[in-house]
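The lines below spell out each chain.
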Amino acid sequence: MIPPLFYAAMINFFSAYVDRLGDWNPQLYRELKSRFTAPRVRWLLLASFICQAMVLFFRGGEIPVLDPLTPIGQQYNRYCLGTPPNGEYSRATFVCTQDMLGQLQINWRLWWLDGFTFLTIAGLTLLLVVGVYLLVADLQKECQRGTLNFIRLSPQGEGSFIWGKMLGVPSLLYGFLLTLLPLHGMAAGGAGIPLTLLAGYYGVVLAGAIFFFHIALWIGLSSSAKSYSLSKSAAIAGLFVLGILVLTSLTLQNNSWEPVFLSWFTLFYPAKALIYLARSTFLPTSTVGYLGPNELDQLRWYGWDLFRSAPLGLGFMAANFAVGTYWIQQVLCRRFRRPFSTAWSKGQSLGVTLSLVVIANGFLLQNYGGRDHWDFLLLNLGSWQLTLCCFFLGLTLALCPQINYLRDWSRYRHESPRQYRTWGWQNLVADDSPPQGTIAINLAFTALLTLPMVLLMPWVAPVPPGIGIPLGSIVTALAMGLLWSFTLTTLMQWGLVRMGFPRLLVLILALMLMVVLPLAIAIGAGIKESTVMWFTPMPAIALVEAAHWQTPLFFLALISQTLAIGLASWQFNRYIDRLGRSESQQYLAQESLKLKQS
């Protein structure tokens, strides 16, 4: 438990020294001053005391006690040390035995580990879910009241606003969790977890919280006063709860799955690092019953076994979060001053793509043995293509300007100096131009970065003897998947300017109609035998297997992509040219059309 002197020092700090924050970060001072009042701090400390008392009470109730009515050798408990008869009880229940003094022998290390795991999962869930909800709801309220525009006009910088909101809005939550740290550290010490490893875990949690809070700020800054609703914030928090529940169940259970490309996404869950902490206790997996064998043991990144080492695994997870946080922070800096600007500049989009592809390609090739080698290889290739397709659809949404900006670009681009009208300037620098050329450049860079990985496959991920590697088919399949991604982004670009729906709804419809629906049809018909796979973002599954090389379908898919790109681009450019006409030009065009019809 936390001593009362800590409580008093905490109250004195926030009452005596919080005013000094005004000079360093006015936004943080504003948030803290409105939240850290004496009644709220007292309620916070009372809630912390009650929660810790309840945890200790219920955990204490699980400690085995000698039952005089039960014969020796017939009392069972999870925290006893005796071995039960084979098959009579579960592997996590043991026979209670006595020492020379007649006291029960208790596995205190396991008892503390269970308490540590509970506090870790509960604290992490509370931090992410409540923190994201508070940030999204606060920014939506600021937008509704009009104070957000006032903050935008203030002289404070973007970084001051971002960190002020991120540190200030959930500050009461931070205070509550800080009061739980002594009990959490005591549980870690009782379980035998090294202090350095615990500090590394805290670093991963901190990096993960910053990453998800940046996403929450992005969602909040993208909201408008008309779209304000507490139910929207609750829905976003509910999605986080669902994701945490799924990932927690996958992390805690013992599994012997083979590592796949999708294992990369589980590294975005900070509690994945609990596996390293549980192993540091040196308790047998059969005793703990969870956090046992995991795909991390075999997961490779560019052929390196990084995740078998706790420092390297924790460092990679923190770096994973850091890269994502950096690029989301660029979005926040742009959207803070210009709320309707594109998420990234066209030059920044190249950095986003390169970062994603460099990290993701490392998980593309894994080592598999036996007859399932091709099944896992196809799963990885298909997952990689599907991930890139969804990414480029989202990137199209992020780079496509609002209709007003497109109108101004189309109307006044001819008046710009000649050096600003070049193809390179329009597709790498200008923010108000269409994103199709930039998407094509990003896809070209993706292909150039992925080709060496495929060619090095025999050395990075050697296959079992007797199995050939059709490198030509794999390269063709990956190139065709990237071409499908360009086709779908071109169609979505046209839909963004022609449909009257909200932009996010257009993205969801594009994913449902152009990605999910064809995959559902292909899965229903048998994913390897279905010809529909040729017309999805995952043609690798249909193309890599030599038995399914069907030349007519291959050329039909290629012609379909070419026609779709050509027609969508023609319609888009035609609409943009018409959009850029002045009012007099539009009036004259209508009159000319009437004369032709008469």
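Refer to the structure printed above.
Numbers given to residues run from 1 along each chain, matching the order in which its sequence is written. For this predicted model, a pLDDT threshold of at least 70 governs which residues receive local features, and a threshold of 80 or more governs which side-chain atom pairs are given and counted, while totals over whole chains, interfaces and linings are taken from all residues. Neither water nor hydrogens contribute to the side-chain values; these are computed over all heavy atoms in the structure.

**Q** Please clarify how a nonpolar patch on the surface should be interpreted in this entry.
**A** Taken together, the side chains of Met 499, Phe 501, Leu 504, Leu 505, Ile 508, Leu 509, Met 512, Leu 513, Val 516, Leu 517 and Ile 521 make up a nonpolar region of the molecular surface, amounting to roughly 980 Å² of accessible area. Helix and strand assignments come from DSSP, with helices taken as H or I runs of at least 4 residues and strands as E runs of at least 2, each series counted from the N terminus. Examined against the element boundaries, Leu 509 turns out to sit in helix 22 (residues 503–525). Within the patch definition used here, like charges are joined within 9 Å and nonpolar side chains (Val, Leu, Ile, Met, Phe, Trp, Tyr) within 5 Å, considering only residues with over 30% relative accessible area and no salt bridge. For the accessible areas, the method is Shrake-Rupley and the probe is 1.4 Å, while residue cover comes only from the protein chains on display. A pair is scored as a salt bridge if a Lys or Arg side-chain nitrogen falls within 4 Å of a carboxyl oxygen belonging to Asp or Glu.

**Q** Please clarify how the state of the cysteines should be interpreted in this entry.
**A** Between two cysteines, a covalent bond joining their sulfur atoms is known as a disulfide. Disulfides are defined as cysteine sulfur pairs within 2.5 Å. The full count for this structure, using the stated rule, is one disulfide. Across the disulfide from Cys 80 sits Cys 96; the S-S distance is 2.0 Å. A torsion of 70° about the S-S bond marks the disulfide between Cys 80 and Cys 96 as right-handed. One end of the pair, Cys 80, is in the loop between strand 1 (76–77) and strand 2 (94–95); the other, Cys 96, is in the loop between strand 2 and helix 5 (108–145), with 16 residues separating them in the sequence. The structure places no disulfide on Cys 389, whose sulfur is separated from the nearest cysteine sulfur, that of Cys 390, by 5.6 Å. Residue burial is assigned from relative accessible area. The probe radius is 1.4 Å, only protein chains are included, and a residue is buried under 20% of its type maximum, exposed over 50%, and partly exposed in between. A residue is classified by how much of its surface remains accessible, and Cys 389, at 1% relative accessible area, is buried.

**Q** In this structure, what is going on with the side chain of Glu 142? I would like to understand it.
**A** Considering the arrangement of structural elements, one finds Glu 142 in helix 5. Taking relative accessible area as the criterion, Glu 142 reaches 5% and is therefore assigned buried. Pairing of N or O atoms within 3.5 Å defines a polar contact, subject to two protein rules: one partner must be a possible hydrogen donor and the other a possible acceptor, and residues neighboring in sequence count only if both atoms are side-chain atoms. In terms of polar contacts, Glu 142 uses its side chain to reach the side chain of Thr 147, at 2.3 Å. Only heavy atoms matter for contacts: two residues are in contact if any of them lie within 4.5 Å across the pair. In contact with Glu 142, other than residues within four places in its own chain, are Arg 30, Glu 31, Thr 147, Leu 148, Ile 151 and Lys 165.

**Q** How should I be thinking about the packing of helix 3 (residues 26–35) against helix 7 (residues 158–168) in this particular structure?
**A** Two measures define how a pair of helices packs: the angle their axes make with one another and the distance between the axes. For helices, the fitted axis covers only the stretch in contact; all axes are lines through C-alpha atoms, and the angles between them, taken along N-to-C directions, range from 0 to 180 degrees. Running from N to C, helix 3 and helix 7 point in directions that differ by 20°, and their axes come no closer than 7 Å. By the angle between their axes, helix 3 is roughly parallel relative to helix 7. As for the relative orientation of helix 3 and helix 7, their crossing is right-handed in sense. Residue-level contacts link Pro 26, Gln 27, Leu 28, Arg 30, Glu 31, Leu 32 and Arg 35 of helix 3 to Ser 160, Phe 161, Gly 164, Lys 165, Leu 167 and Gly 168 of helix 7. Here the residues of the contact of helix 3 with helix 7 are counted per class, giving five nonpolar, four polar and four charged. Any angle between 65 and 115 degrees counts as roughly perpendicular, while under 35 counts as roughly parallel, over 145 as roughly antiparallel, and the rest as oblique. Each crossing is labelled by how the near helix is turned from the far one, with a counterclockwise turn of less than a right angle marking it left-handed and a clockwise turn marking it right-handed. For this scheme, ten residues count as nonpolar: Ala, Val, Leu, Ile, Met, Phe, Trp, Tyr, Cys and Pro. Four count as charged, namely Asp, Glu, Lys and Arg, and the remainder, Gly too, count as polar.

**Q** Sorry, what's going on with helix 3 here?
**A** Residue pairs three or four apart in sequence face the same way in an α-helix, which turns once every 3.6 residues. What helix 3 keeps buried is the set Gln 27, Leu 28, Glu 31, Leu 32 and Arg 35. Taken around the axis of helix 3, the buried residues stretch over an arc of 125°, which confines them to a single face. The arc refers to the directions leading from the helix axis to the C-beta atoms.

**Q** Got a minute to help me understand the nonpolar core in this structure?
**A** It is characteristic of soluble globular proteins that their nonpolar side chains tend to be buried jointly. Buried Ala, Val, Leu, Ile, Met, Phe, Trp, Tyr and Cys residues form a nonpolar core when they are joined through side-chain atoms within 4.5 Å. Ranked by internal contacts, the top residues of the largest apolar core, which has 118 residues, are Trp 264, Phe 307, Trp 344 and Phe 363. Here the element with the most residues in this core is helix 5; it accounts for 14 residues. Within the second largest apolar cluster, 16 residues are counted, among which are Cys 389, Leu 488, Ala 522 and Met 533.

**Q** It is not clear to me how the side chain of Thr 450 should be interpreted in this structure. Could you clarify?
**A** Its place among the elements puts Thr 450 in helix 19 (residues 436–455). Once residues within four sequence positions are removed from consideration, Thr 450 is found in contact with Val 357, Asn 361, Leu 364, Trp 384 and Leu 478.

**Q** Whenever I open this one, the pattern of salt bridges confuses me. Can you help?
**A** Evaluated as defined, the whole model comprises 11 salt bridges. Across the pair Arg 35 and Asp 138 runs a salt bridge whose closest N-O atoms are separated by 3.4 Å. In this pair, Arg 35 is assigned in helix 3 and Asp 138 in helix 5, connecting sequence segments 103 residues apart. Note on Arg 35: relative accessible area 15%, which makes it buried. Linking Arg 300 and Asp 305 is a salt bridge whose minimum nitrogen-to-oxygen distance equals 3.1 Å. Each of Arg 30, Glu 31, Arg 35, Asp 138, Glu 142 and Lys 165 takes part in a single network of salt bridges with overlapping partners.

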